[in-house]
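Take a look at the letters that make up each chain.
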Amino acid sequence: MAETVRPKDPEVFAGEYALGLLEGEERADASRRAFSDPSFAGAVDWWQLHFAGLCDLIASVPAPTDLWQAIERKLDRVEFDRGEPTMLAQRLRGPSGWSLTALAASLALAVASLVLYNQSRTAPDDEPQIAQAPNMQPQLVAALAATPDATRPDQTITARIDRATDTLRLRIDAMEAGEEFAANAPELWVVPAGGQPRSLGLIPAGGGFERRLTAAERAMLIGGSTLAITFESKTGAPHAAPTTPIVAAGQLVEI
Amino acid sequence: MNSGASSSDTMAARSTLTSALVAVGAGDREALRQVYDLTSAKLFGICLRICRDREAAEDVLQDVYLKVWRRAGRFDETKASPITWLASIARNTAIDAIRKQGRAREISDDALAELEDDAPRADALAEQNEEAARIHDCLATLEERQRSSIHDAFCNGLTYSELAEQRNVPLGTMKSWIRRGLIILKGCLSDG
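Residues numbered from 1 in each chain as written. Chains lettered and ligands numbered in written order. Predicted model: local features only at pLDDT ≥ 70, side-chain atom pairs only at ≥ 80, totals over all residues. Heavy atoms only, no water.

### A few points about the packing of aromatic side chains
Applying the stated criterion across every chain yields a total of seven aromatic pairs over all chains. On the numbers, 5.2 Å between centres and 50° between planes, the contact of B:Phe75 with B:Trp85 is tilted. Of this pair, B:Phe75 sits in the loop between α3 (54-71) and α4 (82-101) while B:Trp85 sits in helix α4, placing them 10 residues apart in sequence. An aromatic cluster of three or more residues is present, and its members are A:Trp46, A:Trp47, A:Phe51 and B:Phe154. One Lys or Arg, A:Arg33, reaches over the ring of A:Phe40 and ends 4.8 Å from the middle of that ring. Positioned above the aromatic ring of A:Trp46, the side-chain terminus of B:Lys186 is 4.1 Å from the ring centre. (Phe/Tyr/Trp six-rings, centres within 6.5 Å; stacked < 30°, edge-to-face > 60°. Helix = DSSP H or I, 4+ residues; strand = E, 2+ residues; numbered from the N terminus. Lys NZ or Arg CZ within 6 Å of the ring centre and 35° of its normal.)

Here is the structure:
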């Protein structure tokens, strides 16, 4: 049989990714697609669920007797309010975790409350005043809500893009890496509507952060784009694609 | 394919595990202990097979149950059986770990033989249901080299280049085998 197989046939590509056959740039490419393309993420899920039946054939091996104690110690260090996450409860999507399109409905509420907040507040002391000139460039803001993969539900991250100075400002509170990512660092991603996630680089785990944006970054940081944070390896940033679960996400809104 | 375990045993096991996961999702740590007791041997077997290093597999297993703790609230039993959901988390976590950290290549022949004994086991048969059996039936329709390559890719967490090297074939040939195999599997699994 000599039928040709297009390497990028999405169903086959999803199967290759689900099997773990891909590495390097191909793997990063598939990871990006799983993040931003719900039908590709669904295909990956489909393969995973079917292949999981093969696990029946893998021999069970008793875990070491002290392993549960080690898990318990880590659980003790995790502060996690188990209140029902009705806004953010969504299905597991693909190897990396969340589908950003699935977050859209829940983000609308967070965005609306942030817009109201900005319209009603007076400027706090720790933020510089911005001259309210009539022809001022619009600001973009995002409130990044904690996802169920976040370690602390009281995690608060707000982002502000100042078009007048092409500056990104972040305020990060109560963000902690889960035990398994303790050696990683937070990395900020922008996902243009309908596009693929692009790294905006590593960010600090707390406090304020500010930097100038490049022209390419400015083009992606527009209303409707989503900002997201994952904990990635400290080396090799900016990474090609997120590889760990999203801990915070929010949509940019012009105000 | 009918195993020695009755279908009611399978349903009872599945129901117990599902209830435990629901309780974990509500923050019940005792329920996580129950999930651990019921599943740690199976999940450790999966991690060990992929990591090939006991210490690495132990680290991965801890991460797996921390993920279960966080994600149990999202488990949807209409989409997958609980053990399938758990096994997927275990496998994905193990694969992520070896992609990032590399994996121990040193493993004794005896240990390798023990790990790769793939005859269906009594505990496995007790959990097998109609849905899981389809992958076995569909894989059986493939050419042997496609079937065994896909099987090794899944169970051992090998990449295309590792598989090609292991079987001493060009990379393009291995990709071609597996891609054709996936197309056939897709058709078979989508039927009925």
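Now that the structure has been shown, the text picks up again.
### Description of the interface of chain A and chain B
Counting from both sides, the interface comprises 60 residues of chain A and, opposite them, 74 residues of chain B. Summed over both partners, the interface of chain A with chain B comes to about 6700 Å²; 61% of that surface belongs to carbon and sulfur atoms. The interface formed by chain A and chain B includes eight salt bridges. Our count for the contact surface shared by chain A and chain B stands at 17 residue pairs in polar contact (both at pLDDT 80 or more). Listed by contribution, the elements that provide at least two residues to the side of chain A that touches chain B are α1 (10-19), α2 (24-36), α3 (38-51) and α4 (67-77) of chain A. (Contact = heavy atoms within 4.5 Å. Buried area = accessible area lost by both parts, 1.4 Å probe. Salt bridge = Lys/Arg side-chain N within 4 Å of Asp/Glu carboxyl O. Polar contact = N/O pair within 3.5 Å; in protein donor to acceptor, adjacent residues only side chain to side chain.)

### Some details on α4(B)
The end-to-end C-alpha separation of α4(B) is 29 Å, in line with the 28 Å expected for 20 residues at 1.5 Å each. The buried fraction of α4(B) amounts to 17 of the 20 residues, a majority that puts the element mostly inside the structure. (Expected span 1.5 Å × (residues − 1). Buried < 20%, exposed > 50% of the residue type's maximum accessible area, 1.4 Å probe, protein only.)

### A look at empty space enclosed by the protein
The rolling of a water-molecule-sized probe over the atoms marks out the regions of remaining empty space. Following the criterion strictly, the structure yields three cavities of 30 Å³ or more and no others. Of the pockets and cavities examined, the largest cavity occupies roughly 110 Å³. Along the wall of the largest cavity there are 15 residues; nearest its centre are A:Asp149, A:Glu180, A:Phe181, A:Pro245 and B:Arg70. When residues of the lining of the largest cavity are assigned to their parent elements, the largest contribution, four residues, is made by α3(B). Within the lining of the largest cavity, the residues separate by chemical class into six nonpolar, three polar and six charged. (1 Å grid on protein atoms, 1.4 Å probe; cavity = no way out; pocket = protein on both sides within 12 Å on 5 of 7 lines; lining within 4 Å. Points joined across faces, edges and corners; volume = space filled by probe spheres on them. Nonpolar A, V, L, I, M, F, W, Y, C, P; charged D, E, K, R; others polar.)

### Considerations on the confidence of the model for chain A
Residue and element names in this part refer to chain A. In this model, chain A carries an average pLDDT of 76, and 73% of its residues clear a pLDDT of 70 or more. Mean pLDDT across the secondary structure elements of chain A bottoms out at helix α5 (residues 100-120), with 45, and peaks at α1, with 94. Counting contacts from residues 79-98, a segment whose pLDDT is below 50, to residues more than four positions away or on other chains yields 60 contacts. Low pLDDT, under 50, characterises residues 100-135; the stretch is placed with 37 contacts to residues that sit more than four places away or in other chains. (pLDDT = per-residue confidence, 0-100.)

### Quick notes on the side chain of A:Arg27
Relative to the elements of secondary structure, A:Arg27 occurs in helix α2. A distance of 2.8 Å separates a polar atom in the side chain of A:Arg27 from a polar atom in the side chain of B:Asp96.

### Let's talk about the pairing of strand β8 (residues 246-251) of chain A
Residues and elements named next belong to chain A. Most of β8 sits out of view: five of its six residues are buried. Across two bridges, strand β1 (residues 139-146) lies against β8 in antiparallel orientation. Pairing of Ala146 across the sheet is with Ala248, part of β8. Both strand β7 (residues 226-232) and β8 contribute to a ladder of five bridges, which runs antiparallel. When the sheet's bridge partners are listed, Leu227 is paired in β8 with Gly250. (Pairing = 2+ DSSP bridges.)

### Structural notes on unusual backbone geometry
Cis geometry marks the peptide bond from A:Ala237 to A:Pro238, where omega comes out at 0°. Counting through the fold element by element, A:Pro238 comes out in the loop between β7 and β8. In this structure, A:Ala174 takes a positive phi of about 60° despite not being glycine. Tracing the backbone through its elements, the reader meets A:Ala174 in the loop between β3 (167-173) and β4 (185-191). For A:Ala174, a relative accessible area of 24% corresponds to the partly exposed category. For B:Arg52, which is not glycine, the phi dihedral falls at a positive 60°.

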